[in-house]
Amino acid sequence: MSSLILPAVLSGLMMGAVYALVALGLTLIYGVLHIINFAHGSLLMLALYAVYFLHYHLGVDPYLAIPIVLPVFFALGYALQRGLIAPMSSGSEQNVLLITLAVSMIVDNLALYFWTSNTRTADIAYAYDTVEILGAYLPLGRVIAFVAALAVAPLLWAFMAYTRTGSAIRAVAIEKRGAELVGIDVNHTYAICFGIGTACVALAACLLLPTFYVTPQVGYTFVLVAFTTVVLGGMGSLVGALIAGLLLGVIESLCGLFLGESLGQIGIFLAFILILLFKPSGLLGRAR
């Protein structure tokens with residue numbers, strides 16, 4: 001059994017990196033806008049379709065699609081927040097929840113109408129390549145996603161800590177009225193934050209496609225785990241989201257090993273319940 005645990009842990013870390021990437025955008029949006037974006041999974045689904053069609057019709061490798069897809073989805077997130085969410089919500093968090101839920105339902109059903117419920121996978125030459133790490137053979141795509149997550153989270157943290165835009169985002173998150181008084185365009189900052197969160201989802205889609213499938217319902221597979229990751233890591237904590245994503249990936253993998261693959265996510269939701277009971281602020285969150 002010990003020979004199976006190490007590969008399961010390593011495999012869980014690889015999958016947890018993807019969870020962390022999806023959750024990074026969600027936790028950034030919550031940390032600044034203080035809203036839960038119910039359209040997050042639908043945006044991930046759209047990004048997966050975008051990467052899939054780029055590969056299917058134009059032969060663009062999913063990894064090479066990153067410089068194409070990221071700016072497009074940043075612009076989509078920016079436009080969604082600035083053109084729809086902000087004017088329709090009138091500053092009410094409850095309205096934002098309803099609007100993002102409505103966007104999710106509309107996007108999911110349009111995808112189902114135009115692309116049907118058929119499962120699509122990209123035919124990529126290296127999709128089944130493996131890498132040996134500590135005696136375990138892991139999919140190359142998952143290893144690349146793991147390395148990318150470890151690189152993106154610190155870069156995003158550095159962007160928030162050391163750039164003017166990052167400083168503006170942090171100022172708006174802490175005190176909106178004070179940020180307005182010193183000349184920060186709050187609406188523009190909100191839209192940039194939403195755009196960055198959507199771009200994180202697009203990056204996750206580019207890293208997922210070589211080893212994953214695409215359907216109109218694929219966002220549901222990740223969004224519940226992403227919400228759990230955000231809560232476990234601490235609402236608004238980027239580093240916490242990374243650690244929590246990796247931890248949940250390991251928990252899911254070990255539960256799948258001992259309970260069966262179909263029951264792997266039981267451990268994730270058990271962890272969610274335990275963190276709510278014993279440390280509601282999350283691993284790196286601050287008690288409110």
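Quick caveat, the model's predicted, so the values are computed rather than measured.

### Quick notes on a nonpolar patch on the surface
And then number 1: A surface patch of nonpolar side chains, amounting to about 600 Å² of accessible area, comprises L4, I5, L257, F258, L259, L263 and I266.
And then number 2: At the level of elements, α1 (2–33) and α10 (238–259) are the ones that each hand at least two residues to the nonpolar patch.
And then number 3: Looking at which element gives the most residues to the nonpolar patch, the answer is α10, with three residues.
And then number 4: Structurally, I266 can be placed in helix α11 (residues 266–278).

### Examining the packing of helix α5 (residues 140–162) against α10
Any two packed helices are characterised by the angle at which their axes cross and by the distance between the axes.
And then number 1: The geometry of α5 relative to α10 is characterised by a closest axis approach of 9 Å and an angle of 165° between their N-to-C directions. Classified by the interaxial angle, the pair formed by α5 and α10 is roughly antiparallel. In this structure, the crossing between α5 and α10 has a hand that is right-handed. Along its contact with α5, which presents F146, A149, L150, A153, L156, W157 and M160, the element α10 presents L238, L242 and L246.
And then number 2: Class assignment of the residues belonging to the contact of α5 with α10 gives a composition of ten nonpolar, no polar and no charged.

### Things to note about the pairing of strand β2 (residues 130–133)
And then number 1: Two elements, β2 and strand β3 (residues 136–139), share four bridges in a ladder whose sense is antiparallel. Looking at β3, one finds that I133 is bridged to A136.
And then number 2: Between β2 and the antiparallel strand that follows it, β3, lie two residues; L134 among them carries a positive phi value of about 55°.

### Section: the nonpolar core
And then number 1: Ranked by internal contacts, the top residues of the largest apolar core, which has 93 residues, are L44 and F222.
And then number 2: At 16 residues, the largest contribution of residues to this core is made by α1.
And then number 3: Apart from the residues within four sequence positions on either side, F222 is in contact with M15, V18, Y19, L44, L208 and F212.

### Digging into the UniProt feature "transmembrane region" (unreviewed entry) in the protein chain
And then number 1: Residues given the UniProt feature "transmembrane region" (unreviewed entry) here are residues 6–31, 38–58, 64–84, 96–116, 136–160, 190–214, 220–250 and 257–278.
And then number 2: With 90% helix and 0% strand, residues 64–84 has end C-alpha atoms that lie 31 Å from one another.
And then number 3: Helix makes up 84% of residues 136–160 and strand 16%. Its end C-alpha atoms lie 36 Å apart.

### Re the packing of aromatic side chains
And then number 1: Going through the model one piece at a time under the given rule, you end up with 13 aromatic pairs.
And then number 2: When the ring of Y113 is compared with that of F114, the centres are 5.0 Å apart and the planes differ by 85°; the resulting orientation is edge-to-face. For the residue pair Y113 and F114, the accessibility class agrees, reading exposed in each case.

The rules we used
- Residues numbered from 1 in each chain as written.
- Predicted model: local features only at pLDDT ≥ 70, side-chain atom pairs only at ≥ 80, totals over all residues.
- Heavy atoms only, no water.
- Patch = residues over 30% accessible without salt bridge, like charges linked within 9 Å, V, L, I, M, F, W, Y side chains within 5 Å.
- Areas by Shrake-Rupley, 256 points an atom, 1.4 Å probe, with all protein chains shown as cover.
- Salt bridge = Lys/Arg side-chain N within 4 Å of Asp/Glu carboxyl O.
- Helix = DSSP H or I, 4+ residues; strand = E, 2+ residues; numbered from the N terminus.
- Axes fitted to C-alpha atoms, helices over the stretch in contact; angles between N-to-C directions.
- Parallel < 35°, antiparallel > 145°, perpendicular 65-115°, else oblique.
- Left-handed = near helix turned anticlockwise from the far one by under 90°.
- Contact = heavy atoms within 4.5 Å.
- Nonpolar A, V, L, I, M, F, W, Y, C, P; charged D, E, K, R; others polar.
- Pairing = 2+ DSSP bridges.
- Core = buried A, V, L, I, M, F, W, Y, C linked by side-chain atoms within 4.5 Å.
- Buried < 20%, exposed > 50% of the residue type's maximum accessible area, 1.4 Å probe, protein only.
- UniProt positions renumbered as here; feature names shortened; annotations may be inferred.
- Phe/Tyr/Trp six-rings, centres within 6.5 Å; stacked < 30°, edge-to-face > 60°.

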